[in-house]
Amino acid sequence: MSTPTTTQATRADAFQPSAELEGAIAREYRRERRLRTRDLLLSILTPIVLMACWEAAARGGLLDARLFTPPTRIVERGAQMIADGELWDHVVATTGRLLAGFVIGSALGVVAGLAMGVWRPVRAALGPTFTALYALPKIAILPLLLLIFGLTETPKVLAVVISVFFVVQINTLAGIVQIDARILEAARAYKATGWRLFRYILLPGAIPAIMTGLRVSAGMSVIVITAVEFVASNDGLGYLIWNSWQLFQPQDMYVGLITVSLLGALLTGLIIVLERALLPWRRPGGSHRKVKK
């Protein structure tokens, strides 16, 4: 007859992972690490190879060097513009407008999306209007903003706010609407209503969609602020690109284009870092790291 202690030990042994299972987990973990290393190397080497091909084609005469300036000359010009402070002035101007518009537009978009998702009358009242306004090209609103506010910083920031607002609002609303009805029923069965329902069910359920909206709107906001600076600014990276084209200075134009792309990549990278902090379970290989520990 087995004693309680023996029975407990037998049950504990039954729940211990076998050596074969531990080996399979370790192999999968190492495979995931190799794949991440490969992906990182590919993401670094691909632009380097493209730049090398561009350099060789421009130096060899396959491309017109007057139009397609070799990357080495672009780097030299960029270093010169950084040294004399010209590039920094444009970067600071664009970054200030971009961040101000992005933060304001994101906050308003999240609030509006949550309100429309939680309260059906708000969704019915604002849904058709927002749908119609979203279809309107955001850069087309710039003349109206300039007419109202003049050649100040306000219309430039507002153009970014408007472009970000609708993307974030649509994604936030979608995140609320797509929450499984069975989860809501279970929450209400456990007396989760009002603020508790919003805090523990609706908001966490909408966060993945909100982060997707932020990532999409990050690229859109860079496009909009660059386009706005083309026509309504005397500084900023958009102005640098447009003015360089008008004066036929392709080196300066390429410096502006590359800087804009880096700025957009940096903003998107910050959002990805925030997303991984808020949603650690969606991190690639996260489950393997937890098992390994």
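Before reading on, note that the structure itself is shown above.
A quick note: this is a predicted structure, and the numbers were derived from the prediction, not measured. (Residues numbered from 1 in each chain as written. Predicted model: local features only at pLDDT ≥ 70, side-chain atom pairs only at ≥ 80, totals over all residues. Heavy atoms only, no water.)

Participant: I'm lost on the overall build of the chain in this one. Help?
Facilitator: Looking only at helices and strands, one finds 12 helices and 0 strands in the chain. When the helices and strands of the chain are listed from N to C terminus, the series reads α-α-α-α-α-α-α-α-α-α-α-α. Looking at the chain as a whole, 35% of its 293 residues qualify as buried. Of all intrachain contacts in the chain linking residues separated by at least 6 positions in sequence, the fraction that spans at least 24 positions is 72%. (Helix = DSSP H or I, 4+ residues; strand = E, 2+ residues; numbered from the N terminus. Buried < 20%, exposed > 50% of the residue type's maximum accessible area, 1.4 Å probe, protein only. Contact = heavy atoms within 4.5 Å.)

Participant: It is not clear to me how the pattern of salt bridges should be interpreted in this structure. Could you clarify?
Facilitator: Side chains that carry opposite charge are capable of pairing whenever their charged atoms lie near each other. This structure, assessed with the given rule, holds 12 salt bridges. A salt bridge links Asp252 to Arg77, with the shortest nitrogen-to-oxygen separation between them at 2.5 Å. With Asp252 in helix H11 (residues 250–278) and Arg77 in helix H3 (residues 71–83), this pair connects stretches of sequence that are 175 residues apart. Here Arg97 makes a salt bridge to Asp235, at a shortest N to O gap of 2.5 Å. Remark: Asp235 occurs in the loop between helix H9 (194–231) and helix H10 (237–246) and Arg97 occurs in helix H4 (residues 86–118); sequence separation between them is 138 residues. Members of the salt-bridge network, linked through shared partners, are Arg97, Glu153, Lys156, Glu229 and Asp235. (Salt bridge = Lys/Arg side-chain N within 4 Å of Asp/Glu carboxyl O.)

Participant: Would you mind going over a nonpolar patch on the surface with me for this structure?
Facilitator: A surface patch of nonpolar side chains, amounting to about 560 Å² of accessible area, comprises Leu40, Leu41, Ile44, Leu45, Ile48 and Val49. Along the chain, Ile48 falls in helix H2 (residues 19–60). (Patch = residues over 30% accessible without salt bridge, like charges linked within 9 Å, V, L, I, M, F, W, Y side chains within 5 Å. Areas by Shrake-Rupley, 256 points an atom, 1.4 Å probe, with all protein chains shown as cover.)

Participant: Help me out: how do you make sense of the nonpolar core in this one?
Facilitator: Nonpolar side chains tend to gather and get buried jointly when the protein is soluble and globular. With 37 residues, the main nonpolar core has Leu87, Leu98, Phe102, Leu202, Leu214, Leu237 and Ile271 as its most contacted residues. For this core, the secondary-structure elements that each account for two or more residues are H2, H3, H4, helix H7 (153–177), helix H8 (181–189), H9, H10 and H11. If near-sequence neighbours (up to four positions away) are discounted, Leu98 is found in contact with Val160, Ser221, Val222, Ile225, Leu263 and Leu267. By size, the runner-up hydrophobic cluster in this structure holds 7 residues, among which are Ile141, Leu142, Ala159 and Val224. (Core = buried A, V, L, I, M, F, W, Y, C linked by side-chain atoms within 4.5 Å.)

Participant: I tried to follow the packing of H10 against H11 on my own but got confused; where do I start?
Facilitator: For any two helices packed against each other, one specifies the crossing angle of their axes together with the interaxial distance. One can describe the packing of H10 onto H11 by two numbers: an axis separation of 8 Å at closest approach and a directional angle of 155°. By the angle class used here, H10 and H11 are roughly antiparallel. Crossing geometry of H10 relative to H11 is assigned as left-handed. Contacts between H10 and H11 involve Leu237, Leu240, Ile241, Ser244 and Trp245 on the former and, on the latter, Asp252, Met253, Gly256, Leu257, Thr259, Val260 and Leu263. Residues belonging to the contact of H10 with H11 are distributed by class as follows: 8 nonpolar, 3 polar and 1 charged. (Axes fitted to C-alpha atoms, helices over the stretch in contact; angles between N-to-C directions. Parallel < 35°, antiparallel > 145°, perpendicular 65-115°, else oblique. Left-handed = near helix turned anticlockwise from the far one by under 90°. Nonpolar A, V, L, I, M, F, W, Y, C, P; charged D, E, K, R; others polar.)

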